[in-house]
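Structural overview for review
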Amino acid sequence: MMDAPSPNDSHAPCQPWGVQNGWPSETPAGPLCNPLPHLQQLSLGVSPNQNPSRNLPQASAVYSKSGLAAFSTWNNPHHSVQYAYNDVHSVQQGVPDARVLSTVPPAVQERNIPPCSLPVTNEGTQPFVPQQIQHYSPPNPYQAVDPSFYSQHTYRSLLNQPQSPAQTLLPVSPSCVKPELTAPDGVNVGSLVGYNESLASPSALIQQQPLWSVAAISKGGINDFVPNTAALDHNLGLQSPSSESRYGLNPELLPSAVKVMAEDRAEWEGKVFSSEHFSRLPPLATTPCVIEDRGNASPLAIRSLTYCVPCDGQTALLSRLPLGALVTPFNEQTASAEPIPLCRETDCIVGCRCGAAMCPAMGWQDCGQRFYCPFCGKLNEVPWQQYQPTRGAEGVRVDVDKRPELSMGSYEILKSEEGEAAALLLAVDVSSSALRGGHLEFVAKQIQTLLASLNREKGSSSSDLRVGLMTYDSRIHLYDLSPDLCRPHMMVIAETEDLQLPVREGLLVSLKDCIESIDSVLQLIPQFSAECGDPSGLPIELPVKAGLAVLQGLRCPGKLLVFHTAALIETGHTNSSSGFFGTNKPKSIFQPSEKAVSLAKECVSQGCGVHMFVLSQQDVGGAWPGHVPFLTGGALHTYSYLQGELDRECFSADLKRIVETDSAYKAEVRIFVSKDLRVSGCYGLFVPGSNPGHVSMATLERRTTLAVELAHSRALDESRGAALQVVLSYTSQTGERRSRVHTLTLRCSRHLQDTFRNYQAETLLTFYCKKMYCTVLERPLQEIREELQTDATEALASYRKYCCSSSVSAGQLVLPQFLRALPVYVNSLRKSEVLLPGLRSSVHQRLQQRCRVLGLDTRCTVRHFYPLLLPLLPSVDSSSPPNPEGALRCSGSSLESSGVYLLHAPFTVLLWVGSQVPAATLVDLFNASCFSSLPSGETNLPALQNRLSISVRSLIASLNSEVPYGRTLVVVKQGDTCEEALQRHLVEDKSPNGGASYADFLYHLHVNSVRLLQ
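None of these values were measured; they are calculated from a predicted model.

The rules behind these values
- Numbering of residues starts from 1 in each chain and follows the order in which that chain's sequence is written.
- This being a predicted model, a pLDDT of at least 70 is required before a residue's local features are given, and a value of 80 or more before pairs of side-chain atoms are given or counted; all residues contribute to the totals for chains, interfaces and linings.
- Based on all heavy atoms of the structure, the side-chain values leave hydrogens and waters out of the count.
- What counts as a helix is a DSSP run of H or I of at least four residues, what counts as a strand is a run of E of at least two, and both are numbered from the N terminus.
- Burial here depends on accessible area, computed with a 1.4 Å probe over protein chains only, as a share of the maximum for the residue type. Under 20% is buried, over 50% is exposed, and the range in between is partly exposed.
- Any pair of residues with heavy atoms lying within 4.5 Å of one another is described as a contacting pair.
- Residue exposure ignores everything except the shown protein chains as possible cover, and the areas themselves are Shrake-Rupley values with a 1.4 Å probe.
- Within this scheme, the nonpolar core is defined by two criteria: the residues are buried Ala, Val, Leu, Ile, Met, Phe, Trp, Tyr or Cys, and they are joined through side-chain atoms within 4.5 Å.
- Pairing between two strands requires that DSSP report at least two bridges joining them.
- Axis lines are fitted through C-alpha atoms, for helices just across the contact stretch, and the angle between N-to-C directions can take any value from 0 to 180 degrees.
- Think of pLDDT as the predictor's per-residue confidence, scored from 0 to 100.
- Between Lys or Arg on one side and Asp or Glu on the other, a salt bridge is scored when a side-chain nitrogen of the former is within 4 Å of a carboxyl oxygen of the latter.
- The labels follow the angle: roughly parallel below 35 degrees, roughly antiparallel above 145, roughly perpendicular from 65 to 115, and oblique for the rest.
- Aromatic pairs are defined between Phe, Tyr and Trp rings, using the six-membered ring for Trp, whenever the two ring centres lie within 6.5 Å; interplanar angles under 30 degrees are classed as stacked, those over 60 as edge-to-face, and all others as tilted.
- We call a crossing left-handed when the near helix sits turned anticlockwise from the far one by less than a right angle, and right-handed when that turn is clockwise.
- Side-chain classes follow a simple rule in which Ala, Val, Leu, Ile, Met, Phe, Trp, Tyr, Cys and Pro form the nonpolar group, Asp, Glu, Lys and Arg form the charged group, and the remainder, Gly included, forms the polar group.
- One less than the residue count of a helix, multiplied by 1.5 Å, gives the span that helix is expected to have.
- Pairs of cysteine sulfur atoms within 2.5 Å are what we label disulfides.

This next bit is on the overall build of the chain. On a plain count of helices and strands, the chain comes out with 23 helices and 39 strands. Counting over 1014 residues, the chain shows a buried share of 58%. Long-range pairs, those at least 24 residues apart, make up 76% of the contacts in the chain with a sequence separation of at least 6. When the accessible surface of the chain is split by element, carbon and sulfur atoms take 51% of a total near 40600 Å².

Put into structure tokens, the structure is as follows:
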């Protein structure tokens, strides 16, 4: 285990990893290796009886015909660093796609090898049999209950089968070779080696070797034993260099996520990605690119984990990587992309009897009279009214260009049936706590302003939007807004256990007909008198049940906006199964109560999306009100009585975004896959059902992304490939029933290297995030963190054994071309606040962060776990404004005291100011005369009329438009107490909550992956 959990970890302690995960006791003789060692098990001191033959061997330079070259450095007796580089080319060009980097630390070679290090002994290498890891797996509501298709011994036998000569690795030599150091004159030998990379063509790899330079000696004694990561990190000052590796690795030499993004951006700049049949690997989610639909779904709608599916389950099991896709059914098209075509149901060709819609993946036979469905493997007759002949040897219908269902990867069907138009229902808390808060007047004015702006859009759907209003304390106050009445009538419901509506007419009225009545009620709300006290708080479900009863009475979907102030309590028996200590079953603080799940199911069936604005959030004590909103497609927004100007701006932005955002109501997502595959799990923010391939949601937003996990039921046909279809059926804002169809076809391969080449680290990060954040409902956090590290370790070991195009030494790290950033992403996920709580993170904050992250798309998920760090001050020889493409690595070593840096994450925007920033810059940006007079904390930048101020404010506004929540700018001064807020986002460094640094985590991944192959 790399990280030391803090006392805030809510789960019960687990048994030791080796016993818990099924590692056998009959391991062959030799040094035991725990693939997930605790830091307390690492002995980094020098033993007095150390055998010199235990020194790690120096890896020699190797060059193979495939273009993979390993370059030797100066022979340092303490450090041997090697790096192999191959250019980025497509698979068809036959250029290998591995990057090899030596991670042998500078001081390990003259010490005892830790338990997780390479097993170098005088007796030779002992065989090690990697085991199929068995984690504690209680019933997971997000996964299909299906017997395992492969036994636990399948992976062991496949991983240890005889290798071909081209795949055999260089053995670790037991002999001791004492290298000599030859350095240029005048160069001091340090403990770290820096690397200046110079790109060279594959044909000139040997002649144009990279230039190696020696860096300064690292600070701190690497031989010192560090017993506890958490204790070390919490004792460090804010200015301590937390990016240094305790194993002596230079972080600048490690694979960089920023460089991977920059390379992909440069490759696709100004180009168009055509999504065709058997699509190739698309641009990264963080790369802006024009996407053209040529018969395959856009990666904005369906992004497969790998674009080359293994033909059989054994090959998929060998990769140790998941098989699946990320699905954004209600995705929003970019401005440069063509809109999704819309066709009427009567004009579309009828789909298959299995439920799959017509798509380009269907195969036509018998001159167009029948078509083959790849999702069920059956032939279907074509109705004579829709018959058209086929042409050519491929059997393409003659009307293929006239029908979107035959030529487009994504299209929409307008159903013949009509539904009810969606409504907007507002519920305002008028309890004694709310009236004392002094913020109801501001809330009422913001609602009035928003409704007035919607009413001004004459002729649009906004002016025809049906709106309702209610207030509540311990009772429910409904308002009859009928235009026939001279003034609105209030109806009070005192019996809240069994809500019965006194009337139905007038509760929801068209906005253009009731705007004056709503204004009159909103003006009177701040003047209400507190008739009923609320000393113990109000039940969570009270306003939700009342709003749901109104929508059920009028049989329409809609959005319920709750503006709540009073303390929240959770009703029900404390000894029920919803209680944390009620039974002996495994419980988690993330589990919603049974009453919340039941209420959410009612909202889903009615299409009621709940958005809750908690205006007096309490981080400790009380019930968390977010379960029902997030399970219904809504969200939870928290504020502090809206007293500050910044809080009010965030409230206004959130309210406007929720009301004006287009949503899908009564959404049902059905997932179809090739007949030789099956949907084994689906992860996201929804109430899980019995079938993971069928998901029901009350409302579906544009960014909502689901992670779909697939598994083999039989071997795939390599000539047919694999197909995945997502059908979203929903009701629009105006009441139209529509179905949006996305179809993705993928090629298949029996070669494991093709599968690895078509994975992307950003997609894997999003999948792992959604799966693990759903798994926390049933499993301990420590076990989840260990599983993440184990999966990454075994994937590296599998790629090293089966996909290396040349023999590499044990001291070299081997990564697939497009998975170079995977270790830093996995480490950031492992040490996130949800999986590894810090001392200052409350339960409510972790609950809200988990739900918010689960609702993000791939682009925002990547930005959450690897934020964008931008320098704002131009260089001496450049006067260009800040550019998002000039991002830096998320490490404290990237910050200079003479600079100003902007950190952008979906829920946070920070501005770090160095202590030596020129005074002129402080005046231009903050209107502050000196560093000491600069205020820190939440603030707004002054609107100054100079180039720097205008460009920075424009950049922040542009970044704020990309995220789904309102944010407040936080200014962090160097050396200030609030600097820990920035340190949590520097994911390559040691985290304040005890998370390991990127360099240390990568070292453990490497030594354990090599040990698996010994």
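Counting buried residues in helix α19 (residues 858–865) gives seven out of eight residues, a clear majority hidden from the surface. Within α19 the residues assigned to the buried category are T858, C860, T861, V862, R863, H864 and F865.

Glancing now at the nonpolar core. If you look at the biggest cluster of nonpolar residues, it comprises 153 residues, and the most contacted ones within it are I476, L478, Y773, Y825, L829 and L835. With nine residues, helix α15 (residues 761–775) is the largest single contributor of residues to this core. Look past the residues within four positions of L478 in its chain and what remains in contact with it is M470, H489, M490, M491, I493, L501, P502, L507 and V550. Counting 37 residues, the second-largest nonpolar core is a separate cluster that includes L426, L440, F442 and V509.

On to the sheet that holds strand β29 (residues 677–683). Strands sit in the order β8-β10-β31-β29 across an open sheet of four strands; the sheet is antiparallel. Pairing within the sheet leaves two strands with one partner each, and these edge strands are β8 (302–304) and β29. Here the strands of the sheet are splayed against their neighbours by 25° on average, with no regard to which way each runs. Across three bridges, the pairing between β8 and strand β10 (residues 324–327) is antiparallel. Paired with I302 across the strands is V327, a residue of β10. Running over the sheet, α15 touches β8, β10, β29 and β31 (706–712) and is turned about 95° from β31.

As a further point, take the confidence of the model for the chain. Per-residue confidence for the chain gives a mean pLDDT of 76, with 72% of residues at or over 70. Summarising per-element confidence for the chain, the mean pLDDT is lowest in strand β5 (residues 211–214) (26) and highest in β10 (97). Every residue in residues 10–137 is under pLDDT 50, and counting partners more than four places away or in other chains gives 353 contacts. Every residue in residues 147–240 scores below 50 in pLDDT, and together they form 195 contacts with partners more than four places removed in sequence or on other chains.

Strand order in the open sheet made by the three strands is β12-β13-β14, with antiparallel pairing throughout. The open sheet has two edge strands, β12 (363–365) and β14 (379–381), and neither has a second partner. For this sheet, the mean angle separating the axes of adjacent strands, direction not counted, is 30°. Pairing analysis gives three bridges linking β12 to strand β13 (residues 370–372), with the strands arranged antiparallel. Directly across from Q365, in β13, lies its bridge partner R370.

Let us look at the environment of A144. Mapped onto the elements of the fold, A144 is located in the loop between β3 (98–102) and α2 (154–159). In this structure the C-alpha to C-alpha distance between A144 and G689, which are 545 residues apart in sequence, comes to 9.5 Å. If sequence neighbours within four positions are ignored, A144 has contacts with V679, S680, G681 and P692.

So, on to the pattern of salt bridges. Tallied over the full model, the rule gives 27 salt bridges. Put simply, D676 and R714 hold a salt bridge, and the shortest N to O gap is 3.2 Å. Of this pair, D676 sits in the loop between β28 (664–673) and β29 while R714 sits in the loop between β31 and β32 (722–731), placing them 38 residues apart in sequence. Among the residues examined, R714 registers a relative accessible area of 46% and is labelled partly exposed. Between R859 and E962 there is a salt bridge, with the nearest N and O atoms lying 3.7 Å from each other. Of this pair, R859 sits in helix α19 while E962 sits in the loop between α21 (947–960) and β39 (969–973), and the two are 103 residues apart along the sequence.

Moving on to the packing of α15 against α19. Where α15 contacts α19, the axes come no closer than 9 Å and their chain directions differ by 85°. Viewed along their axes, α15 and α19 adopt a mutual orientation that is roughly perpendicular. For the pair α15 and α19, contact is made by E762, L765, T766, C769 and Y773 and by T858, T861, V862 and F865, respectively.

Let us look at unusual backbone geometry. One non-glycine residue with positive phi stands out, namely F278, at about 55°. Relative to the assigned elements, F278 resides in the loop between β6 (272–275) and β7 (290–293). For F278, a relative accessible area of 27% translates into the label partly exposed. One non-glycine residue, N927, lies in the positive phi region at around 60°. Within the secondary structure layout, N927 lies in the loop between α20 (919–926) and β38 (937–938). The exposure class assigned to N927 is exposed, which follows from its relative accessible area of 53%.

Moving on, we come to the side chain of T565. Within the secondary structure, T565 sits in the loop between β24 (558–564) and β25 (568–569). Those residues in contact with T565 that sit more than four places away from it in its chain are D429, S433, A434, H439, L615, S616 and Y641.

So, about the pairing of strand β17 (residues 410–418). By the bridge criterion, three bridges tie strand β11 (residues 342–344) to β17 in an arrangement that is parallel. For C343, the partnering residue across the bridge sits in β17 and is I413. With six bridges joining them, β17 and strand β33 (residues 736–749) adopt antiparallel strand pairing. Note that in β33 the partner of E412 across the bridge is R740.

This paragraph deals with the pairing of β28. Burial analysis of β28 places seven of its 10 residues in the buried class, the great majority of the element. Across six bridges, the pairing between β28 and strand β30 (residues 694–700) is antiparallel. Bridging across to β30, E668 finds its partner in S696. Taken together, the seven bridges between β28 and β32 define a ladder with antiparallel strand orientation.

Turning our eyes to something else, we now look at the packing of aromatic side chains. In the structure shown here, the tally under the stated rule is 19 aromatic pairs. When the ring of W624 is compared with that of F630, the centres are 6.2 Å apart and the planes differ by 10°; the resulting orientation is stacked. Accessibility classification places W624 together with F630 in one group, the buried group. Centroid distance Y901 to W912: 5.9 Å. Interplanar angle 45°. Geometry classified as tilted. Within this pair, whereas Y901 is found in strand β36 (residues 900–905), its partner W912 is found in strand β37 (residues 908–913), the two being separated by 11 residues in sequence. Taken individually, Y901 and W912 each receive the classification buried, so the pair is uniform in this respect. By way of ring pairs, the aromatic residues F442, F563, F613, Y639 and F651 are connected into one cluster.

Axis separation between helix α10 (residues 541–554) and helix α11 (residues 594–606) bottoms out at 10 Å; the angle between their running directions is 25°. It follows from the interaxial angle that α10 and α11 lie roughly parallel. The handedness of the crossing between α10 and α11 is left-handed. Packed against α10, whose contacting residues are E541, V544, K545, L548, L551 and Q552, the element α11 presents K595, L599, E602, C603 and Q606 at the interface. Class assignment for the residues of the contact of α10 with α11 results in five nonpolar, two polar and four charged.

Looking now at the environment of R487. For R487, the location among the structural elements is in the loop between β20 (476–480) and β21 (489–493). On the basis of relative accessibility, which here comes to 60%, the residue R487 falls in the exposed class. Along the sequence, R487 and V521 sit 34 residues apart, while their C-alpha atoms lie 9.3 Å from each other.

What follows covers helix α18 (residues 843–854). The end-to-end C-alpha distance of α18, which contains 12 residues, comes to 17 Å, matching closely the 16 Å that a straight helix rising 1.5 Å per residue would cover. Where burial is concerned, most of α18 is hidden: 10 out of the 12 residues are buried. Every buried residue belonging to α18 is among H844, R846, L847, Q848, Q849, R850, C851, R852, V853 and L854, and all of these are buried. As for α18, its buried residues are in contact with α12 (627–631), β27 (635–638), α15, α16 (781–802) and α19.

Going through the model one piece at a time under the given rule, you end up with zero disulfides. Unpaired in this structure, C308 has its nearest cysteine sulfur neighbour in C748, at a distance of 7.1 Å.

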